[in-house]
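# Descriptive analysis of the structure
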Amino acid sequence: MQVEPLTLVILGATGDLTRRLLFPAVYRLFARGRLPELKVVGYATEEMSSKAFQQHLEKSLKEFVPKFSQEVWDRLKAQVEYVSGDLTPEKIRALEPQVEGNALFYLALPPQLFDDAAVGLGSVGLHREKGGWRRLIIEKPFGWDLESARGLRERLHQHWEEHQLFRIDHFLGKETVQNLMVFRFANRFMEPIWNAANIAQVQITAAETLGLEGRYKYYDQAGAMRDMLQNHLMQIFALTAIEPVSKWDANNLRQHKVEVLQSVRPIPQERVKEFAVRGRYGPGVMDGKNVPGYLEEEGVPHDSRTETFAAIKLYIDNWRWEGVPFYLRSGKRMKQSYTEVAVQFKEVPTQLFSGVEDLSNWLIFRMKPEEKIDLVAYAKTPGLNLETRTVVLCTEISRKEEMDFTAYEQLIMDAAEGDQTHFLRFDEVEEAWRILDPILKAWQHGQPEEYASGSLGPNGQGRLMDPGHYWRSPED
Ligand code: BG6
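Computed from a predicted structure; not experimentally measured. Chains are numbered independently. Their residues run from 1 in the order of the written sequence. Local features in this predicted model are restricted to residues whose pLDDT is 70 or higher, and side-chain atom pairs enter the listing and the counts only when it is 80 or higher, whereas totals over whole chains, interfaces and linings include all residues. To obtain the side-chain values, all non-hydrogen atoms of the structure were used and water was disregarded.

Attention now goes to a nonpolar patch on the surface. On the surface, Leu-352, Phe-353 and Leu-386 cluster together into a nonpolar patch covering about 330 Å² of accessible area. You can see Phe-353 is positioned in the loop between strand E12 (338-345) and strand E13 (362-368). Patches were defined on residues exceeding 30% relative accessible area and lacking a salt bridge, with like-charge contacts within 9 Å and nonpolar side-chain contacts (Val, Leu, Ile, Met, Phe, Trp, Tyr) within 5 Å. Computed by Shrake-Rupley with a 1.4 Å probe, the accessible areas treat only the displayed protein chains as cover when residues are assessed. We define a salt bridge as a contact between a side-chain nitrogen of Lys or Arg and a carboxyl oxygen of Asp or Glu at a distance within 4 Å. Numbered from the N terminus, helices here are DSSP runs of H or I no shorter than four residues, and strands are runs of E no shorter than two.

What follows is the structure in structure tokens.
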């Protein structure tokens, strides 16, 4: 589809997200001719000229785009302007003359500012769809808990309508996340086995070696639960457990995801220990170097309770998933960086052969570091005996040369085309908070368990596992 001419207004234009992810994605789309008639307006509080802003962007493009081309940048640069101001209506009004026709407003801002920005834009009429569409992209987390998420929704709806709101979760633009759907619904063999009769457990892990990366202001407020579980991991969880949709469109898909989330068994606040574990990285050794613990990181208050690791166990009370535990976890400064959905099937009912003792298959959707799908299966060991051995049927989803785009490109294009399929509807966000609120309330007291940087996370995570289940390690 040819994208219509549009103005992209980035609020938070001098911030880290714009520099590292958003603008490099815009540049690559422009370089490929996907956004032929694009104007970019950067907006932030720093006083600077458009020229200085362009120089700032050029520097980050050179850092983050390996195939940077001066010729492409010179063409794009001519379309880039900068306006300085805060989020008050008086200041935001300065954007008005810059924005005509179709416009995409991207809130690349700290979450505390989402509502001021949306209300500010609305109060000067920039949301009005006269002579072109107006859309608002909002980063995560959407609210800090159930109540504040509802409050934020009210504020947004003072001006904006639902069809204009694009709540972004960049995991939904990832290739393997989308492949969870395609692999499942394009293969006949998947449906008969995708249920509690055949699946023993599901483990969703997003482990990172990264630490705070200077983001203490945001991260110390958020923690692993709000930063990763409430959004990215909940989305992967819902997509894994979803019922077949009859038609591939935004409403159907999002409705089916909500139904999964609505079926999640509530976790009572007084039983949180059985269903959730939190940890915080202490000092340790990573790549042979000593690294500080979270509490010693610059900017972190000494009495912080923030968790850098969170793990939860969920059950879905519906026909398909009765009794199957879904384990979700994410942590910083872990031994390895990897993101995966690992589905363990039940063992075969009889052991006919010697060899491998536990004949249960694993199907693994790997999103990081490489994108692939592995099926751990069993076959005969070559030789005179009928013995089993493990074989891994592996498919690489994308070779490096095919993958010179990121989730952000995918999602910016979707928003420019008005396709909300890979953006969150408010009720998904709301259900995710409903599930996690009791845990967050319980975690207002006490302290997370410490784990050494470079380790597999806190020992306590083992207590979530049902009998016979163990966390997979990245080498398994
Ligand atoms: C972001 C979180 O949303 O996702 C970061 O705020 C995290 O803390 C990042 O590092 C992980 O995303 P990816 O795409 O690098 O796996």
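Picking up after the structure, the text goes on.
It is worth spelling out the packing of helix H7 (residues 175-185) against helix H8 (residues 216-241) at this point. At their nearest, the axes of H7 and H8 sit 9 Å apart, and the two run at 5 degrees to each other. Viewed along their axes, H7 and H8 adopt a mutual orientation that is roughly parallel. Two secondary-structure elements touch here, H7 through Val-177, Leu-180, Met-181 and Arg-184 and H8 through Ile-236, Leu-239, Thr-240 and Ala-241. Polarity classes work like this: nonpolar for Ala, Val, Leu, Ile, Met, Phe, Trp, Tyr, Cys and Pro, charged for Asp, Glu, Lys and Arg, and polar for all others, with Gly in that last group. Of the residues belonging to the contact of H7 with H8, the class tally is 6 nonpolar, 1 polar and 1 charged. The axes are straight lines fitted to the C-alpha atoms, using for helices just the contacting stretch, and the angles between their N-to-C directions are given from 0 to 180°. Throughout this description, any angle smaller than 35 degrees is read as roughly parallel, any larger than 145 degrees as roughly antiparallel, any in the 65 to 115 degree range as roughly perpendicular, and the remainder as oblique. The criterion used for residue contact is that any of the two residues' heavy atoms lie within 4.5 Å.

Next up on the list: the site of the ligand. Close to the ligand lie Lys-140, His-170, Phe-171, Lys-174, Glu-208, Arg-215, Asp-227, Met-228, His-232, Lys-332 and Lys-368, which account for all nearby residues. Polar contacts, as used here, are pairs of N or O atoms within 3.5 Å; protein pairs need one atom able to donate a hydrogen and one able to accept it. Residues neighboring in sequence count only if both atoms are side-chain atoms. Here an oxygen atom of the ligand sits 2.5 Å away from a polar atom, N or O, in the side chain of Glu-208. Burial of the ligand by the protein chains amounts to 79% of its free accessible area of 400 Å². Considering every element that reaches the shell around the ligand, the biggest residue donor is H8, with 3 residues. Proximity criterion: a residue is near a molecule or strand once any of its heavy atoms comes within 4 Å of it.

As a further point, take the UniProt feature "binding site: substrate" (unreviewed entry) in the protein chain. UniProt positions are given in the numbering used here, feature names are shortened, and annotations may be inferred rather than shown by experiment. UniProt tags His-170, Lys-174, Glu-208, Asp-227 and Lys-332 as "binding site: substrate" (unreviewed entry). Inspection of the secondary structure assignment puts His-170 in the loop between strand E6 (165-167) and H7. With residues near it in sequence (within four places) discarded, His-170 still touches His-232, Ala-407, Tyr-408 and Leu-411. Inspection of the secondary structure puts Glu-208 in the loop between strand E7 (199-207) and H8. In this scheme, a residue with accessible area under 20% of its type's maximum is buried, one over 50% is exposed, and one in between is partly exposed, where area comes from a 1.4 Å probe on protein chains only. Take Glu-208: its relative accessible area is 11%, and that puts it in the buried class. Ignoring anything within four residues of it in the chain, the contact list for Glu-208 reads Met-228, Gly-331, Lys-332, Arg-333, Met-334, Gln-336, Ser-337 and Lys-368.

Here we come to the confidence of the model for the protein chain. Residues at a pLDDT of 70 or more form 98% of the protein chain, whose mean pLDDT is 95. For this predicted complex, the interface score ipTM comes out at 0.99, alongside a pTM of 0.95. What pLDDT conveys is the predictor's confidence in a given residue, as a value from 0 to 100.

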